[in-house]
Amino acid sequence: MTKTKAAEARGGIPRGLSRTGPVLFSYGFRPFFLGGAVWAVLAMALWVMAVSGHALPGGDYGAANWHMHEMLFGFASAVLSGFLMTAVPNWTGRMPLSGRPLMALVALWLIGRLALTWPPGGAVWQGVLADALFLPVMAAVFAVEIIAGRKWRDLKVVAAVTVLALANLGFHLAVLRGGDPTMAARAAISAYVMLIVIIGGRITPSFTRNWLARRGSGPLPVPYNRFDTLVACVSGVTLALWIVAPDSLPVAVLGPVAAVLNLARMLRWRGWRTWAEPLVLALHGGYAMLALGFAAVGLSGLGLLSTAGALHVFAVGAIGGEMLAVMGRATRGHTGRALTASALTTASYGAIWAAALLRPAAELGDYDRLIHLAGGLWMLAFGLYVLEYAPMLIRARKDLRA
């Protein structure tokens, strides 16, 4: 019996399903993690060049709008899709998409990137149309899988992707009408942050518990309870207010409250005990940046930090940092590698956290210089991921035999 058939017999999800095409398209995390990481580097390079006056990505869409959009709806949507295309089949027990259907989804994402960066014939609306299709299609894919698997509680993931799709549409409409797309950007960031609160709040203590349990006695992460639900509710209310009134007094009050609650939640997971394994510690680091993001939101509500500065703590530190941590762990686990961080992986975590601190500082000091430094660190972080993990993503699992 082959390993694929054995996995099916045990009720598990076989890895590397498509044997008729490239290994890259055998599982959703492979092309989307690789594509997302490569785009994270290329899109940031184009933005740094634009700040220096050497490039104009997006054409009439506007380089600043293009940069904001591509970080939130280009890079981040790819990584999220790769994660969910791997996680949803494990939740539902259904076979994951692979082969030609996966190629079509990746092509749809890639067409959006190219069409929005270099609008065909200067027609921005064509680039917008190409880009706006991807997230609704992904929401439909996840809805079909979750409903077919009768995992009703996981429909909240579909809701989050749908919010992102609507935020993307709102972003485009604001730009095309000559308006301000930052409310739509805050809505997108809030959707990602809530996914970290919900999903990260499950996998981080779980992976921590497993790692600590293998190493003997000692206190383990506190299991999910009502306190976690309270933290999620306060976080959601704070983000909702931040979307519509980022400079308001309620945000100034609730931001620090949400920060303290999320920090207290994270401390219950005993993350400091995983210092010897950066692959686990990085999940806690990304969540710590989420707590810092809520604190930054509170400062912006008091006028002590710009809304853009607070936004970037979430975008770079929490979203970028948590995605980088999940990408490394998932890639190693699903390609048959040891779940331990290399020196390159550890360096990438340090680079993303440094970028998360430098980017908000640009709002307070030498903008151009700090933008270049933060952008360089971002490119270093995801460049190191590509350097180390691309060979794993394009090759078969180590424990599979043809």
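The name given to the protein chain in an unreviewed UniProt entry is Short-chain dehydrogenase, and the organism recorded there is Paracoccus yeei.

With that out of the way, let us pick up helix α3 (residues 63-92). In a regular helix each residue adds 1.5 Å, so 30 residues correspond to 44 Å; α3 covers 41 Å between its end C-alpha atoms and thus fits that length. A maximum bend of about 45° is found in α3 at glutamate 70. Glycine 93 sits one or two positions beyond α3 and adopts a positive phi of about 80°.

Let's shift gears to the layout of surface pockets. By volume, the largest pocket is sized at about 820 Å³. Lining of the largest pocket is provided by 29 residues; of these, Phe83, Ala87, Trp91, Ile199 and Ile203 occupy positions nearest its centre. Listed by contribution, the elements that provide at least two residues to the lining of the largest pocket are α3, α7 (155-176), α8 (182-213), α9 (226-244) and α12 (307-334). Residues that form the lining of the largest pocket fall into these classes: 16 nonpolar, five polar and eight charged. As a volume, the second largest pocket reaches approximately 510 Å³. Around the second largest pocket, the lining comprises 25 residues; the ones closest to its centre are His67, Met68, Leu311, His312 and Arg359.

A word on the side chain of arginine 359. Looking at the secondary structure, you find arginine 359 in helix α13 (residues 343-361). With relative accessibility at 10%, the residue arginine 359 sits in the buried group. Here arginine 359 is in contact with His312, Tyr367, Ile371 and Ala374, once residues within four sequence places are set aside.

Quick look at unusual backbone geometry now. Positioned with a positive phi, arginine 150 is a non-glycine residue whose angle comes to about 55°. Residue arginine 270 is not a glycine yet carries a positive backbone phi of 60°. Here arginine 270 lies in the loop between α10 (249-267) and α11 (278-301). Exposure remark for arginine 270: the relative accessible area of 25% places this residue in the partly exposed category.

This structure, assessed with the given rule, holds 14 aromatic pairs. Note on tyrosine 27 and phenylalanine 29: the rings are 5.7 Å apart at their centroids and 55° apart in plane angle, and the pair reads as tilted. Overall, phenylalanine 29 belongs to the buried group, its relative accessible area being 1%. Ring centres 5.3 Å apart and planes at 80° place the aromatic pair phenylalanine 75 and tryptophan 378 in the edge-to-face group. With phenylalanine 75 in helix α3 and tryptophan 378 in helix α14 (residues 367-393), this residue pair connects regions lying 303 residues apart in the sequence. Accessibility expressed as a relative area gives 1% for phenylalanine 75, which makes it buried. Residue classification places tryptophan 378 among the buried residues on the basis of a relative accessible area of 4%. Ring pairing ties together the aromatic residues Tyr27, Phe29 and Phe33, which thus form one cluster. The ring of tyrosine 224 carries arginine 202 above its face, with NZ or CZ at 3.9 Å from the centroid.

The full count for this structure, using the stated rule, is three cavities of 30 Å³ or more. As a volume, the largest cavity reaches approximately 230 Å³. Residue lining of the largest cavity: 13 residues in total, with Leu80, Phe83, Ile196, Met323 and Val326 positioned closest to the centre. Among the elements of the structure, α3, α8 and α12 are those that each provide at least two residues to the lining of the largest cavity. If you tally residues by element for the lining of the largest cavity, the top one is α8, at six residues.

Reading the values: the criteria
- Residues numbered from 1 in each chain as written.
- Predicted model: local features only at pLDDT ≥ 70, side-chain atom pairs only at ≥ 80, totals over all residues.
- Heavy atoms only, no water.
- Helix = DSSP H or I, 4+ residues; strand = E, 2+ residues; numbered from the N terminus.
- Expected span 1.5 Å × (residues − 1).
- Bend = angle between axes of the 7 residues up to and from the residue.
- 1 Å grid on protein atoms, 1.4 Å probe; cavity = no way out; pocket = protein on both sides within 12 Å on 5 of 7 lines; lining within 4 Å.
- Points joined across faces, edges and corners; volume = space filled by probe spheres on them.
- Nonpolar A, V, L, I, M, F, W, Y, C, P; charged D, E, K, R; others polar.
- Buried < 20%, exposed > 50% of the residue type's maximum accessible area, 1.4 Å probe, protein only.
- Contact = heavy atoms within 4.5 Å.
- Phe/Tyr/Trp six-rings, centres within 6.5 Å; stacked < 30°, edge-to-face > 60°.
- Lys NZ or Arg CZ within 6 Å of the ring centre and 35° of its normal.

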